[in-house]
Amino acid sequence: MAAIRMIDIAVNFTDGMFKGIYNGKQYHVSDIQAVLSRAWSAGVDRIIVTGGSLEESKEALAIAETDGRLFCTVGVHPTRCKEFEESGDPERYFQGLLSLAKEGIEKGKVVAIGECGLDYDRLHFCPADIQKKYFEKQFELAYATKLPMFLHMRAAADDFCDILDRNKSRFSAGVTHSFTGSAEDRDKLLSFSNMYIGVNGCSLKTSENLEVVESIPAERMMIETDSPYCEIKNTHAGIKMVKSMWSSKKKERYDPESLVKGRNEPCLVRQVLEAVAGCRQTADIAQLSKILYHNTCRVFFPHDLDSAADAILAGKEMQ
């Protein structure tokens, strides 16, 4: 299995589930090391840990510092943008993000600004006007740090793309992760030449989702788990294309050698790759994985791109 190399661009290692806490109750010990061991064995060789607020971004950086293959983002999720104002000093909060990002860049760990964007499915957490204000503000972080952007878009394609368009000169590249939008939403995103689309289990729920994913050019796609969320469930259309399986046990019967039932984790990015290959009817999964890996390095790890990889890809364009 490990012959294929993958990068999981979205893992929420700051989530309580990776500390054994589910709905406020402790079921097992923190097990990030066991989770990482499964990921490395499955062919994952880098993971980007998601930050969604100033405090969470600090924790994401601390986690990223525990392993040379872990990296992270710094930013504020749209549902948490009220934190800027609730802090009592939005500019100071912003400067905290900027200094944290700079510290993480010096350590070779912070590779993107985010997770930021718009989420109109969850306006009860944060109203649209505040989301828009602080989504736009975070382009200043990208401009100041020269980092790419790690983006979130839910039921907000028009406003999201308007803000992207106004700020397109202020960021080098970006990925709209955990994409669940329509074909029209996909095409709006792809109209930005520096935008990639991140696919996970939530992108593979229905036959309509699969049709949308099928038409994302391989050269503009990345894969992710968004764990502990967004697994490919047995009810999802994408499950038919999955070949690799892992044993799992309920959290009440925790076993460090097994996955926790219902908790997604980075090793399962292999299933996302398989489902993407299946819906595209791609026989050469290794070549597809090379393209996706290359895309991810181009955006988040530009110092890593080697000319040999470029030459291989130039000679074999994925349909």
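Everything that follows concerns the structure shown earlier in this document.
**Here's the deal with the overall build of the chain**
Counting its regular elements, the chain contains 11 helices and 12 strands. Taking 20 Å as the expected radius of gyration for a compact globule of 319 residues, we find that the chain reaches 19 Å, a close match to that expectation. Over its C-alpha atoms, taken along the principal directions, the chain stretches across nearly 50 × 50 × 35 Å. The proportion of buried residues among the 319 residues of the chain is 58%. Summarising the internal contacts of the chain: among those between residues at least 6 apart in sequence, 73% fall at separations of at least 24. Here the chain has roughly 13,500 Å² of accessible surface; of this, 50% comes from carbon and sulfur atoms. In the chain, 40 side chains carry a positive charge and 46 a negative one; their mean positions are 3 Å apart.

**A short note on empty space enclosed by the protein**
By rolling a water-sized probe across the atoms, one finds the places where empty space is left. Applying the stated criterion across every chain yields a total of two cavities of 30 Å³ or more. Approximately 50 Å³ is the volume attributed to the largest cavity. In terms of lining, the largest cavity is formed by Arg5, Met6, Ile7, Ile223, Ser289, Leu292, Tyr293 and Thr296. Elements that contribute at least two residues to the lining of the largest cavity include exactly strand 1 (6–11) and helix 10 (285–300). By residue number, the principal contributor to the lining of the largest cavity is helix 10, which donates four residues. For the lining of the largest cavity, a count of residues per class yields five nonpolar, two polar and one charged. Roughly 40 Å³ of volume is contained in the second largest cavity. Around the second largest cavity, the lining residues are Asn200, Gly201, Glu224, Thr225, Cys230, Glu231, Ile232, Asn264, Leu268, Gln271 and Val272. Within the lining of the second largest cavity, the residues separate by chemical class into four nonpolar, five polar and two charged.

**Focus on the environment of His303**
Structurally, His303 can be placed in the loop between helix 10 and helix 11 (307–315). Separated by 188 residues in sequence, His303 and Glu115 place their C-alpha atoms 22 Å apart.

**Considering the pairing of strand 4 (residues 44–49)**
When you tally the buried positions in strand 4, you get five out of six residues, the bulk of the element. Strand direction decides the pairing type here: strand 1 and strand 4, joined by four bridges, are parallel. Note that in strand 4 the partner of Asp8 across the bridge is Ile47. Pairing analysis gives three bridges linking strand 4 to strand 5 (residues 70–74), with the strands arranged parallel. If you follow Val49 over to strand 5, its bridge partner there is Cys72.

**Quick look at the pattern of salt bridges**
Using the criterion set out here, one finds 25 salt bridges in the structure. Of the charged contacts, one joins Lys19 and Glu59 as a salt bridge, the two residues approaching to 3.0 Å between their closest N and O atoms. In this pair, Lys19 sits in the loop between strand 1 and strand 2 (21–22) while Glu59 sits in helix 2 (residues 54–64), placing the two residues 40 residues apart along the sequence. Between Glu85 and Lys133 there is a salt bridge; the shortest N-O distance is 3.4 Å. Of the two residues, Glu85 sits in helix 3 (residues 82–86) while Lys133 sits in helix 5 (residues 128–145), which places them 48 residues apart along the sequence.

Rules and cut-offs
- Residues numbered from 1 in each chain as written.
- Predicted model: local features only at pLDDT ≥ 70, side-chain atom pairs only at ≥ 80, totals over all residues.
- Heavy atoms only, no water.
- Helix = DSSP H or I, 4+ residues; strand = E, 2+ residues; numbered from the N terminus.
- Rg over C-alpha atoms; globule rule 2.2 N^0.38 Å.
- Buried < 20%, exposed > 50% of the residue type's maximum accessible area, 1.4 Å probe, protein only.
- Contact = heavy atoms within 4.5 Å.
- Areas by Shrake-Rupley, 256 points an atom, 1.4 Å probe, with all protein chains shown as cover.
- Lys, Arg positive; Asp, Glu negative; His and termini not counted.
- Charge placed at Lys NZ, Arg CZ, Asp CG, Glu CD.
- 1 Å grid on protein atoms, 1.4 Å probe; cavity = no way out; pocket = protein on both sides within 12 Å on 5 of 7 lines; lining within 4 Å.
- Points joined across faces, edges and corners; volume = space filled by probe spheres on them.
- Nonpolar A, V, L, I, M, F, W, Y, C, P; charged D, E, K, R; others polar.
- Pairing = 2+ DSSP bridges.
- Salt bridge = Lys/Arg side-chain N within 4 Å of Asp/Glu carboxyl O.

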